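Each chain, written out:
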Amino acid sequence: MGFDLSEFQFDGEKRRQLGYQLVDRINQYFSSLEDRAVQLPLEKRTFGELHDHMPEIGENAEAVLDEICRELIEKGFHVPSANYFGLMNPTPTYMAVLAEMLVAALNPQLATLARSQLASKIENETVRWIGERVGWNRAFDGTFTSGGNEANFSALALALAAHFPQTVEDGIASIGAQPVFYASTESHHSLDKSAGLLGLGRKAMRRVPVDDQVQMDVKKLEATIQEDTRAGHKPFCVVATAGTTNSGAIDDMVAIAEVCRRHNLWLHVDGAYGAAAIFSDRHRALVKGIELADSVTFDPHKWLAMPFAAGVILTSRPEMLQRAFGVSTPYMPKITGAPLIDNFKVSVQWSRRMNSLKLWLTLRVHGRQAYEQLIDRQLQLARDFAAWVKQSENYELAVPLQLPILNLRVKGKTEAEIAANNAAVVDEVTRDGKRWISLTTVNGRSVIRMMIISYLTTEKNLQELQQALEQSSVISPQSSGSTNVFG
């Protein structure tokens with residue numbers, strides 16, 4: 001007998017049973033996060049492929065759900081742990097988790113207003129809430145994206161459409177010269193990818209050196225623009241970064257905006273992480289000048305504790321959204337006189353998931369002031385950790401602290417020695433799986449990178465990280481270490 005297709009939705013009792021089974025597992029998981037190990041110990045980690053055949057006949061739903069929950073939790077890598085000091089991946093708010101469940105069930109299609117209605121209006125309102133915090137004194141608009149990569153891609157497409165309108169139909173060759181844009185050597189590599197995908201070529205991206213504060217050197221930016229202009233190239237955009245991935249550095253957006261004004265260039269701010277400071281009245285000055293941007297990338301799935309995926313592209317030149325992305329089709333449903341523009345006309349995406357609901361619900365339940373407290377708390381924890389590093393006999397800060405990202409390094413005589421010792425420390429600290437920090441390079445120098453990204457991270461988690469750093473075999477056993485500033 002064939003499969004009864006109605007079984008895809010189960011009956012009401014089965015749905016309740018499976019739903020409670022999953023919610024109970026999630027609840028247990030969230031209850032464990034304050035002290036959960038980030039991953040398995042090194043000797044138990046595996047990275048090989050799975051080789052199961054595609055099932056022809058289904059299995060018991062309760063058993064399969066129980067198995068995958070157990071396996072993912074017991075053998076997974078736990079970004080939401082309070083002991084995760086890694087990249088910009090947070091512990092999700094629980095309201096956001098519930099929002100994702102609701103979106104999956106309702107499956108709204110945000111490509112057009114006709115097929116989404118309230119869902120599109122909620123997304124538009126969420127974009128407005130964020131844009132109002134940017135501080136533009138003129139019209140603005142934007143749309144949710146899959147993340148900073150898509151948002152940066154969209155920003156460059158907007159800048160191209162603004163400077164070279166003919167390229168939307170006729171392509172890059174119609175410019176008649178090589179278009180070029182600028183970002184710092186510490187900017188995100190999604191820009192390289194976007195330059196290639198847009199047909200500019202990755203060499204069209206000019207990486208401008210940074211200064212001792214790891215900020216784009218504005219004088220060198222100016223000089224590079226002038227050099228390109230003399231060479232017959234066509235500068236069209238500068239990308240300032242508000243919170244680099246490596247160190248959290250924030251470019252001088254006011255100074256860069258002035259350069260853009262003089263040369264008539266589009267100013268994009270990649271604020272995927274750091275732009276969240278606009279949600280704090282107390283710390284808004286960290287991103288001074290963001291309101292001067294033509295466009296802003298913003299990722300709620302970073303500092304605002306949203307689960308993947310939730311990115312946003314905002315622009316103070318909203319007419320460029322339709323110029324860059326607008327198309328007409330005979331098959332997309334239309335609403336005569338609707339005040340909102342269909343999302344497929346202002347976005348890279350066509351079919352659109354409702355990635356806004358999780359932030360909208362979190363703000364409805366907790367309010368902006370909850371983010372004010374989150375940002376203030378994490379900045380203070382980072383300052384306290386930086387104070388510990390400064391007191392340490394074994395470690396030093398490599399970069400001035402701006403956001404809750406710290407770059408420290410083992411003290412040493414040569415860069416080769418420091419790099420080797422940094423790698424050894426990271427290997428030892430992460431070997432048992434309890435916590436996670438990483439290696440990177442900033443301005444050409446090896447550093448140990450750690451950041452405070454989980455709203456669950458406390459002084460206790462950081463004190464234990466300090467102890468792990470001091471207990472590394474790289475550190476002299478005779479060293480008295482440094483004072484615990486959290487104790």
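Residues numbered from 1 in each chain as written. Predicted model: local features only at pLDDT ≥ 70, side-chain atom pairs only at ≥ 80, totals over all residues. Heavy atoms only, no water.

## A short note on the packing of helix α8 (residues 218-230) against helix α9 (residues 253-263)
Two packed helices can be described by the angle between their axes and the distance between those axes. The condition that has to hold: Note on geometry: axes are C-alpha line fits, over the in-contact stretch for helices, and angles between N-to-C directions span 0 to 180 degrees. Every helix listed is a DSSP run of H or I at least four residues long, and every strand listed is a run of E at least two residues long, numbered separately from the N terminus. Geometric relationships in this document are graded by angle, where less than 35 degrees denotes roughly parallel, more than 145 denotes roughly antiparallel, 65 to 115 denotes roughly perpendicular, and other angles denote oblique. What makes a crossing left-handed is the near helix being turned counterclockwise from the far one by less than a right angle; a clockwise turn instead makes it right-handed. Contact between two residues is taken to exist if any of their heavy atoms lie within 4.5 Å; hydrogens are not considered. Put simply, Ala, Val, Leu, Ile, Met, Phe, Trp, Tyr, Cys and Pro go in the nonpolar bin, Asp, Glu, Lys and Arg in the charged bin, and everything else, Gly too, in the polar bin.
The N-to-C vectors of α8 and α9 enclose an angle of 20°; their axes lie 10 Å apart at closest approach. Judged by the angle between their axes, α8 and α9 are roughly parallel. Along this stretch, α8 crosses α9, giving a crossing that reads as right-handed. Between α8 and α9, the contacting residues are Val-218, Leu-221, Glu-222, Ile-225 and Gln-226 on the first element and Ala-255, Ile-256, Val-259, Arg-262 and His-263 on the second. Considering only residue class, the contact of α8 with α9 consists of 6 nonpolar, 2 polar and 2 charged.

## Things to note about the sheet that holds strand β5 (residues 266-270)
So the rule is basically this: Should DSSP find at least two bridges between two strands, the strands are regarded as paired.
The 7 strands lie next to each other as β1-β7-β6-β5-β4-β2-β3, forming an open sheet whose pairing is mixed. Strands with a single pairing partner mark the edges of an open sheet, and in this sheet they are β1 (141-145) and β3 (205-208). Ignoring which end each strand starts from, the neighbouring axes of this sheet average 20° apart. Pairing analysis gives 5 bridges linking β1 to strand β7 (residues 311-315), with the strands arranged antiparallel. Bridged to Asp-141 within β7 is Thr-315. Helix-sheet contacts for helix α5 (residues 148-163) involve β1, β2 (179-184), β4 (234-241), β5, β6 (295-298) and β7, and the interaxial angle to β5 is about 175°.

## Side note on the sheet that holds strand β8 (residues 395-397)
Through backbone hydrogen bonds, the strands of a sheet pair up, either in parallel or in antiparallel fashion. A sheet is described by the order of its strands in space; here 4 strands give the open sequence β8-β9-β11-β10, paired in antiparallel fashion. Of all strands in the sheet, those with a lone pairing partner are β8 and β10 (438-442), marking the two edges. Neighbour-to-neighbour, the strand axes of the sheet open up by a mean angle of 45°, direction not taken into account. Note: strand β9 (residues 405-410) against strand β11 (residues 445-451), 4 bridges, orientation antiparallel. Paired with Ile-405 across the bridge in β11 is Met-451.

## Thoughts on a nonpolar patch on the surface
This is how it is decided: A patch consists of residues whose relative accessible area exceeds 30% and which take part in no salt bridge; residues with like charges are grouped when within 9 Å of each other, and nonpolar side chains (Val, Leu, Ile, Met, Phe, Trp, Tyr) when within 5 Å. Shrake-Rupley sampling with a 1.4 Å probe provides the accessible areas, and residues are treated as covered by the protein chains on show and by no other component. Here, a salt bridge means any Lys or Arg side-chain nitrogen found within 4 Å of an Asp or Glu carboxyl oxygen. Residue exposure (1.4 Å probe, protein chains only): buried if accessible area is under 20% of the type maximum, exposed if over 50%, otherwise partly exposed.
A cluster of nonpolar side chains, namely Phe-3, Leu-5 and Phe-8, defines an oily patch on the protein surface of about 410 Å² accessible area. By relative accessible area, Leu-5 is classed as exposed at 61%.

## As for the pattern of salt bridges
Inspection of the entire model under this criterion finds 27 salt bridges. The partner of Arg-25 in a salt bridge is Asp-66, and the shortest N-O contact between them spans 2.7 Å. A residue pair is termed long-range when its members are at least 10 positions apart, and Arg-25 in helix α1 (residues 12-32) and Asp-66 in helix α2 (residues 61-75) qualify at 41 residues. Between Asp-66 and Arg-70 there is a salt bridge whose closest N-O contact spans 2.9 Å. With Asp-66 and Arg-70 both in helix α2 and 4 residues apart, this pair spans about one turn of that helix.

## What about the nonpolar core?
As a reminder of what qualifies: By convention a nonpolar core is built from buried Ala, Val, Leu, Ile, Met, Phe, Trp, Tyr and Cys residues, the set being connected through side-chain atoms within 4.5 Å.
Residues Leu-221, Val-238, Phe-279 and Ile-290 are the most contacted members of the largest nonpolar core, which totals 56 residues. Ranked by residue count, the leading element in this core is α9, at 5 residues. Ignoring any residue separated from it by four or fewer positions in sequence, one finds Leu-221 in contact with Tyr-182, Val-208, Met-216, Val-238, Ile-256 and Val-259. Counting residues in each nonpolar core, the second largest holds 30 residues, with Ala-159, Ala-161, Phe-164 and Ala-204 among its members.

So, to be careful, I would describe these as geometric facts and stop short of saying anything about function.
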